[in-house]
Amino acid sequence: YLAKEGRTGVEFYLPDKDRNSPERLSLLGDLRQALDGGELGLHYQPKVSLDDGRVESMEALLRWWHPARGLVSPGDFIPLAEQSYLMREITRYVIQRALEQADRWWRDGIEVPISVNVSARDLLDSSLPEQLEAGLSEFGLPPAVIRLEVTERILMTDQAYTADAVRTLAKLGVQLALDDFGTGYSSLVRLQRLPVSEVKIDASFIRRVGESADDERIVQSIIDLVRSLGLHSVAEGVESSEVAAQLHEMGCHAGQGWWLAKPMPPEEATVWLRTRLSEAFTDRPKDPARL
Ligand code: C2E
Ligand code: MG
Ligand code: MG
Ligand code: MG
């Protein structure tokens with residue numbers, strides 16, 4: 001099992017529980033069809049500097065338009081896919097789509113990196129670095145174009161091959177971010193051992209900044225830890241100008257969340273980026289509440 005520290009103590013997640021329930025099996029079967037039938041696509045959500053509003057990267061978030069169920073959230077189908085061979089194919093698909101989008105943006109003069117979420121298990125796929133390398137050279141894009149987000153859980157597995165895969169990717173020049181930080185048990189030592197450049201503080205803490213002194217202390221200590229390791233901090237789930245301003249005050253580098261921008265379909269993201277880039281030539285307010 002994987003132990004996960006919840007708000008009310010320790011919860012145990014049993015991967016085999018309900019594994020064969022008809023509901024799950026039918027969704028998994030549908031996912032196979034979704035991959036082949038073009039029901040999957042990516043939305044993009046910016047990470048924005050809390051100092052000056054600069055767009056640091058765009059995170060690719062998977063969307064599934066199910067013919068009968070409508071939009072299915074990745075939170076509902078990624079954990080399912082992670083228990084099957086489908087995850088590997090989904091990741092390949094996401095990376096390919098992200099590279100195509102990066103190619104369009106970069107040819108258009110919009111030089112923004114795209115962050116792709118990969119599951120801890122994807123790092124056991126030794127062909128992942130090769131696929132990335134081949135994809136980048138196919139489009140003639142520099143490695144800085146694609147970044148990977150991996151959840152903090154990989155620090156808990158502490159397996160030699162995970163660290164190997166991460167190092168191979170880093171050697172390739174692909175930057176890594178640690179996603180959902182603060183929800184696991186990872187120690188400082190382990191964080192230091194991996195070539196990670198960005199740490200994303202989980203939204204569950206950020207949402208309570210300004211409301212809960214305990215959560216604020218946790219956020220402050222993560223920001224300080226990240227800074228002391230020379231890494232970049234990004235707050236997830238920034239939903240108000242007050243929270244953005246307070247995070248800036250606390251020394252957090254960047255933010256992501258509905259107040260800054262929601263995940264957008266590619267065309268809308270392109271328009272959003274163009275507007276942002278043209279604004280970059282005018283004076284941007286230093287006040288993070290006005291980003
Ligand atoms: P994540 O990587 O931590 O992504 C952040 C999630 O928070 C996204 O949910 C995003 O839409 C949502 N979000 C962003 N800003 C706000 C905000 O201000 N308030 C609130 N309440 N939510 C906000 P989404 O798109 O449903 O994705 C959920 C999770 O599914 C992701 O969490 C990620 O772990 C996973 N996921 C998404 N796409 C992929 C993918 O292509 N591959 C893999 N392996 N996992 C993915
Ligand atoms: Mg992410
Ligand atoms: Mg996250
Ligand atoms: Mg999260």
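Reference entry: report on the structure contained in this document. (Residues numbered from 1 in each chain as written. Chains lettered and ligands numbered in written order. Predicted model: local features only at pLDDT ≥ 70, side-chain atom pairs only at ≥ 80, totals over all residues. Heavy atoms only, no water.)

### A closer look at the coordination of the magnesium ion (ligand 3)
For the magnesium ion (ligand 3), the full set of protein donor atoms is Asp-179 (OD), Asp-180 (OD) and Glu-236 (OE), and the range of their distances to it is 1.6 to 2.4 Å. If you list the donors of the magnesium ion (ligand 3) from N- to C-terminus, the spacing comes out as D-D-x55-E. Taken as an interatomic distance, the gap from the magnesium ion (ligand 3) to the magnesium ion (ligand 2) is 3.8 Å; Asp-179 donates to each of them. (Donors = N, O, S within 2.8 Å, 3.2 Å for Na, K, Ca; no water.)

### A closer look at the coordination of the magnesium ion (ligand 4)
The coordination sphere of the magnesium ion (ligand 4), as far as protein atoms go, consists of Asp-180 (OD) and Glu-236 (OE), spread over 2.3 to 2.7 Å. Here Asp-180 falls in the partly exposed class, since its relative accessible area comes to 24%. Residue Glu-236 is classed as buried on the basis of its relative accessible area of 11%. (Buried < 20%, exposed > 50% of the residue type's maximum accessible area, 1.4 Å probe, protein only.)

### Re the site of ligand 1
Neighbouring residues of ligand 1: 23 residues in total, closest Arg-63, Asn-117, Asp-179, Glu-239 and Trp-258. Between Glu-59 and ligand 1, the recorded distance is 3.0 Å, taken from a side-chain N or O atom to an oxygen atom. Take Arg-63: an N or O atom from its side chain is 2.8 Å from an oxygen atom of ligand 1. The protein chains hide 80% of the 800 Å² of surface that ligand 1 would expose on its own. Looking at the shell around ligand 1, the elements that each hand over two or more residues are β4 (55-66), α2 (74-81), α3 (86-107) and β8 (175-181). Tallying contributions element by element places β4 first for the shell around ligand 1, with four residues. Its residues placed into classes, the shell around ligand 1 shows ten nonpolar, six polar and seven charged. (Near = heavy atom within 4 Å. Polar contact = N/O pair within 3.5 Å; in protein donor to acceptor, adjacent residues only side chain to side chain. Areas by Shrake-Rupley, 256 points an atom, 1.4 Å probe, with all protein chains shown as cover. Helix = DSSP H or I, 4+ residues; strand = E, 2+ residues; numbered from the N terminus. Nonpolar A, V, L, I, M, F, W, Y, C, P; charged D, E, K, R; others polar.)

### Focus on the packing of aromatic side chains
Within this structure, the stated rule accounts for two aromatic pairs. Pairing Tyr-44 with Trp-105 gives two aromatic rings, centres 5.2 Å apart and planes at 70°, and the pair type is edge-to-face. Of this pair, Tyr-44 sits in strand β3 (residues 40-49) while Trp-105 is found in helix α3, placing the two residues 61 residues apart along the sequence. Across the pair, exposure class does not vary: Tyr-44 and Trp-105 are buried alike. A cation over an aromatic ring shows up here: Lys-262 above the ring of Trp-258, its NZ or CZ 4.7 Å from the ring centre. (Phe/Tyr/Trp six-rings, centres within 6.5 Å; stacked < 30°, edge-to-face > 60°. Lys NZ or Arg CZ within 6 Å of the ring centre and 35° of its normal.)

### Let's talk about the nonpolar core
The biggest cluster of nonpolar side chains holds 83 residues, and the ones touching the most others in it are Leu-31, Met-58, Trp-105, Ile-114, Ile-146, Leu-148 and Leu-247. The leading source of residues in this core is α3, at ten residues. (Core = buried A, V, L, I, M, F, W, Y, C linked by side-chain atoms within 4.5 Å.)

### Focus on the side chain of Asp-122
Here Asp-122 lies in the loop between β6 (114-117) and α4 (128-139). No salt bridge is formed by the buried Asp-122. Its closest oppositely charged neighbour is Arg-88, at 6.4 Å. (Lys, Arg positive; Asp, Glu negative; His and termini not counted. Salt bridge = Lys/Arg side-chain N within 4 Å of Asp/Glu carboxyl O.)

Interpretation in functional terms is not warranted from these geometric data alone.
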